[in-house]
Amino acid sequence: RGAAAADAGDGAADLAAAGDGDDGHERVAPFLIKLYEIVSVKSMDSYISWSDKGDTFRINDPTVFAREVLPLYFKHNNLRSFIRQLNMYGFYRDPSKGGPGIEFYHERFFRGGRGQLKLIKRGHVGARRGLDARAALQPKAAAAQQQQAETAQALQTLMGELGNMHRCITDLEDDLMRRVVHVHDKLSGVLAKLEQAPAGPAVAMGMPGPLLSALGMPYAPMGMDAGGMAPHVPGSAAASSALFLNRPR
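Residues numbered from 1 in each chain as written. Predicted model: local features only at pLDDT ≥ 70, side-chain atom pairs only at ≥ 80, totals over all residues. Heavy atoms only, no water.

Considerations on the side chain of Glu68
For the record, the criterion: Put simply, DSSP H or I for four residues or longer makes a helix, DSSP E for two residues or longer makes a strand, and each gets a number counted from the N terminus. Only protein chains enter the accessibility calculation, which uses a 1.4 Å probe; a residue whose area is less than 20% of its type maximum is buried, one above 50% is exposed, and one in between is partly exposed. Here a polar contact is recorded for every N or O atom pair within 3.5 Å, except that within protein the pair must consist of a potential hydrogen donor and a potential acceptor, and residues adjacent in sequence are included only if both atoms are side-chain atoms.
You can see Glu68 is positioned in helix α3 (residues 62–68). Overall, the relative accessible area of 18% leaves Glu68 in the buried class. Polar side-chain contacts of Glu68 include one of 3.3 Å to the side chain of Arg67.

In structure tokens, the structure reads:
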């Protein structure tokens, strides 16, 4: 551990010197220098190391890392404080990586990228969105797209059903109108015949009295004359009935 810290300290000094610009504005933050050296030192690979691609680094066992490594470089063993520092410099944690370890990413922090460290600033957020944000938004975006597709499908189905109902209503209206016209034509024909025929044939045809009265045609029930009086037939039952019906009251 002591040899690893010494090697890292020498590399950090060289890196800091290389980062100095003529105007003094290109100094690399000490935290970033130490972080780069910790990840790059081979003797620390069991605690912290680059990924296979070298674009992220992984803390293999956070508990052991906090206990064994942090005190050597940062004079504390507070893992939460270390992670807060990473976040302040724009590092993002990748939640998709399983296992007990934790993996971090920054677009300007990668294996062999010493010259990029001076471009990492405190409070800087890279142009590329963090892995945490992307991992959180992707399921929500997929769910929103699925819901939008389902809503569009349901709306299309409803519009189809509404069109079918409209066609059915139109067909019913057309059929009803045809029936009304047919009945009207038949009734007009019957009324025309009644206007040309006397009342007697109409009664013989079985036309009801109220309908004849409504049509303005004379109507007398069987056994009555047009004035509503029974005819007098001497010597018959009809005459007796007529006398009884026409008796004074």
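Concerning the environment of Met88
Among the structural elements, Met88 can be located in helix α5 (residues 79–88). Separated by 33 residues in sequence, Met88 and Lys121 have C-alpha atoms that sit 8.7 Å apart.

Side note on a nonpolar patch on the surface
For the record, the criterion: Each patch is assembled from residues with relative accessible area greater than 30% and no salt bridge, linking like charges that lie within 9 Å and nonpolar side chains (Val, Leu, Ile, Met, Phe, Trp, Tyr) that lie within 5 Å. Accessibility throughout is a Shrake-Rupley quantity obtained with a 1.4 Å probe, and a residue counts as covered only by protein chains that appear here. What counts as a salt bridge is simple: a side-chain nitrogen of Lys or Arg found within 4 Å of a carboxyl oxygen of Asp or Glu.
A cluster of nonpolar side chains, contributed by Leu176, Met177, Val180 and Val181, occupies part of the molecular surface with about 370 Å² of accessible area. Inspection of the secondary structure puts Val181 in helix α6 (residues 131–196). Using a relative accessible area of 41% as the deciding quantity, one classes Val181 as partly exposed.

Observations regarding the sheet that holds strand β4 (residues 102–105)
Heads up, the condition is: Strands were regarded as paired on the criterion that DSSP finds at least two bridges between them.
Spatial ordering of the open sheet is given by β1-β2-β4-β3, a layout of four strands whose pairing is antiparallel. Strand pairing shows two members of the sheet lacking a second neighbour, β1 (48–50) and β3 (92–93), which therefore form its edges. Two elements, strand β2 (residues 56–59) and β4, share four bridges in a ladder whose sense is antiparallel. Along β4, the bridge assignment pairs Ile59 with Ile102.

Quick notes on the nonpolar core
Note the cut-off: Only buried Ala, Val, Leu, Ile, Met, Phe, Trp, Tyr and Cys residues count toward a nonpolar core, and they belong to the same one when joined by side-chain atoms within 4.5 Å. Working rule for contacts: check all heavy atoms of both residues, and any pair within 4.5 Å makes them a contact.
Counting 32 residues, the largest nonpolar core has Leu35, Ile48, Phe57, Phe65, Phe82 and Phe109 as the members making the most contacts within it. Setting aside its immediate chain neighbours within four residues, Leu35 contacts Phe57, Phe82, Leu86, Phe91 and Phe109.

Concerning the pairing of β4
Both faces of β4 are covered, namely the face carrying Ile102 and Phe104 and the face carrying Glu103 and Tyr105. Of the pairings in the sheet, the one linking β3 to β4 comprises two bridges and is antiparallel in character. Of the residues in β4, the one forming a bridge with Tyr92 is Tyr105.

Topic: the pairing of β2
Of the two faces of β2, the one lined by Thr56 and Arg58 and the one lined by Phe57 and Ile59 are each fully buried. One ladder, built from three bridges, connects β1 with β2; its direction is antiparallel. Its bridge partner being in β2, Trp50 is matched across the sheet by Phe57. Here β1 hands over to β2 after five residues, with Gly54 in that stretch at a positive phi of 80°.

Section: the pattern of salt bridges
Taken as a whole and judged by the stated rule, the model has five salt bridges. Glu37 is the salt-bridge partner of Arg114, the closest N and O atoms lying 3.0 Å from each other. Linking Arg114 in the loop between β4 and α6 with Glu37 in helix α2 (residues 30–40), this pair joins segments that are 77 residues apart in sequence. For Arg114, a relative accessible area of 37% translates into the label partly exposed. Between Arg179 and Asp175 there is a salt bridge, and its shortest N-O distance comes to 3.0 Å. Residue Arg179 and its partner Asp175 are both found in helix α6; the two are separated by four residues, about one turn of the helix. Salt bridges sharing common partners tie together Asp175, Arg178 and Arg179.

Focus on the confidence of the model for the protein chain
Any residue range with low pLDDT should be treated as having predicted coordinates unsuitable for detailed reading. Which entries qualify depends on this criterion: Confidence scores per residue from the predictor, reported as pLDDT, run from 0 to 100.
Scored by pLDDT, the protein chain comes out at a mean of 75, with 62% of its residues at no less than 70. In the model, residues 5–24 has pLDDT below 50 throughout and makes 19 contacts with residues more than four positions away in sequence or in other chains.

A word on unusual backbone geometry
Excluding glycine, most residues fall at negative phi; most peptide bonds, likewise, are trans. With a phi angle near 60°, Lys75 is a residue other than glycine that sits in the positive phi range. Along the chain, the position of Lys75 falls in the loop between α4 (70–74) and α5. Taking relative accessible area as the criterion, Lys75 reaches 80% and is therefore assigned exposed.

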